[in-house]
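Each chain is listed here by its residues.
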Amino acid sequence: MAKMIKLYGFASPVSPKALKDFLEEHTGEGTVSNVEVGQNKGLKAHAVVEFTTVEAADLIKSLAGNSYLKASDVKRRTPHYKLGDKKLRRTNHVAKPNSKYMEYAWARH
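Summarised in this report is the structure supplied together with it. Keep in mind the model is a prediction, meaning the values are calculated, not measured.

Calculation notes
- Residues numbered from 1 in each chain as written.
- Predicted model: local features only at pLDDT ≥ 70, side-chain atom pairs only at ≥ 80, totals over all residues.
- Heavy atoms only, no water.
- Buried < 20%, exposed > 50% of the residue type's maximum accessible area, 1.4 Å probe, protein only.
- Helix = DSSP H or I, 4+ residues; strand = E, 2+ residues; numbered from the N terminus.
- Pairing = 2+ DSSP bridges.
- Expected span 1.5 Å × (residues − 1).
- Arc of directions from axis to C-beta.
- Contact = heavy atoms within 4.5 Å.
- Core = buried A, V, L, I, M, F, W, Y, C linked by side-chain atoms within 4.5 Å.
- Salt bridge = Lys/Arg side-chain N within 4 Å of Asp/Glu carboxyl O.
- Axes fitted to C-alpha atoms, helices over the stretch in contact; angles between N-to-C directions.
- Parallel < 35°, antiparallel > 145°, perpendicular 65-115°, else oblique.
- Nonpolar A, V, L, I, M, F, W, Y, C, P; charged D, E, K, R; others polar.

## Observations regarding the pairing of strand β1 (residues 3–10)
Part 1: Burial analysis of β1 places six of its eight residues in the buried class, the great majority of the element.
Part 2: Sheet topology note: the β1/strand β3 (residues 45–51) ladder contains seven bridges and is antiparallel. Bridging across to β3, Tyr 8 finds its partner in His 46.

## With respect to helix α1 (residues 16–27)
Part 1: With 12 residues, α1 extends 16 Å between its outermost C-alpha atoms, agreeing within 8% with the 16 Å of an ideal straight helix rising 1.5 Å per residue.
Part 2: When we look at burial in α1, the residues that qualify are Leu 19, Leu 23, Glu 24 and Thr 27. Buried residues of α1, seen end-on, are gathered within an arc of 130 degrees and therefore sit on one face of the element. Counted as exposed and oriented over 90 degrees from the buried face of α1: Lys 17 and Glu 25.
Part 3: Structurally, α1 contributes buried residues whose contacts are with β1, β2 (32–39), β3 and α2 (54–64).
Part 4: Once α1 ends, the next one or two residues include Gly 28, with phi positive near 105 degrees.

## Looking at the nonpolar core
Part 1: Residues Leu 7, Phe 10, Leu 19, Leu 23, Val 49 and Phe 51 are the most contacted members of the largest nonpolar core, which totals 16 residues.
Part 2: At the level of secondary structure, the elements contributing two or more residues to this core comprise β1, α1, β2, β3 and α2.
Part 3: If near-sequence neighbours (up to four positions away) are discounted, Leu 7 is found in contact with Leu 23, His 46, Ala 47, Val 49, Ile 60, Ala 64, Lys 70 and Ala 71.

## Quick word on the pattern of salt bridges
Part 1: For the structure on display, the rule yields four salt bridges.
Part 2: Asp 21 serves as the salt-bridge partner of Lys 17, at 3.0 Å between the closest nitrogen and oxygen. A residue pair is termed a helical-turn pair when its members lie 3 or 4 positions apart in one helix, as Lys 17 and Asp 21 do in helix α1 at four residues.
Part 3: Taking relative accessible area as the criterion, Lys 17 reaches 58% and is therefore assigned exposed.
Part 4: You can call Asp 21 partly exposed: its relative accessible area is 36%.
Part 5: The closest approach of N and O atoms between Asp 73 and Lys 61, which form a salt bridge, is 2.9 Å. Here the residue Asp 73 occupies a position in strand β4 (residues 70–74), and Lys 61 occupies one in helix α2, the gap between them amounting to 12 residues.
Part 6: A single network of salt bridges, built from pairs that share partners, joins Lys 3, Asp 58, Lys 61 and Asp 73.

## Overview of the packing of α1 against α2
In helix packing, the relevant descriptors are the interaxial angle and the interaxial distance, both defined with respect to the helix axes.
Part 1: Put simply, α1 and α2 touch, their axes get as near as 10 Å, and they point 100 degrees apart. If you check the angle between α1 and α2, you find them roughly perpendicular. Side by side, α1 and α2 meet where Leu 23, His 26 and Thr 27 of the first sit next to Ala 56, Leu 59, Ile 60 and Leu 63 of the second.
Part 2: Of the residues in the contact of α1 with α2, the class split is five nonpolar, two polar and no charged.

Read these as geometric descriptors, not functional statements.
The following block contains the structure:
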């Protein structure tokens, strides 16, 4: 069963690939299925990481407690659909077609 956690407290932004490789050194190859990184203005960087198993996520949570990083559970969010190098995020808003509130966002991944 998959589990998502949020890691925060990174001094600078990290790439999703570098973070995935680092985490899998501790949890085993193939245990990280998705990594999204971000940074709010003036704050330290954070990442939302989806693990393939609860055990792998719990291991990283316990290791983060012994470092400068912090970790917390994340509820499952709106799924992202990958199409090549683009990602489609579908929101739960109800809107008329072609209205300014229609929210299908394309983002480079």
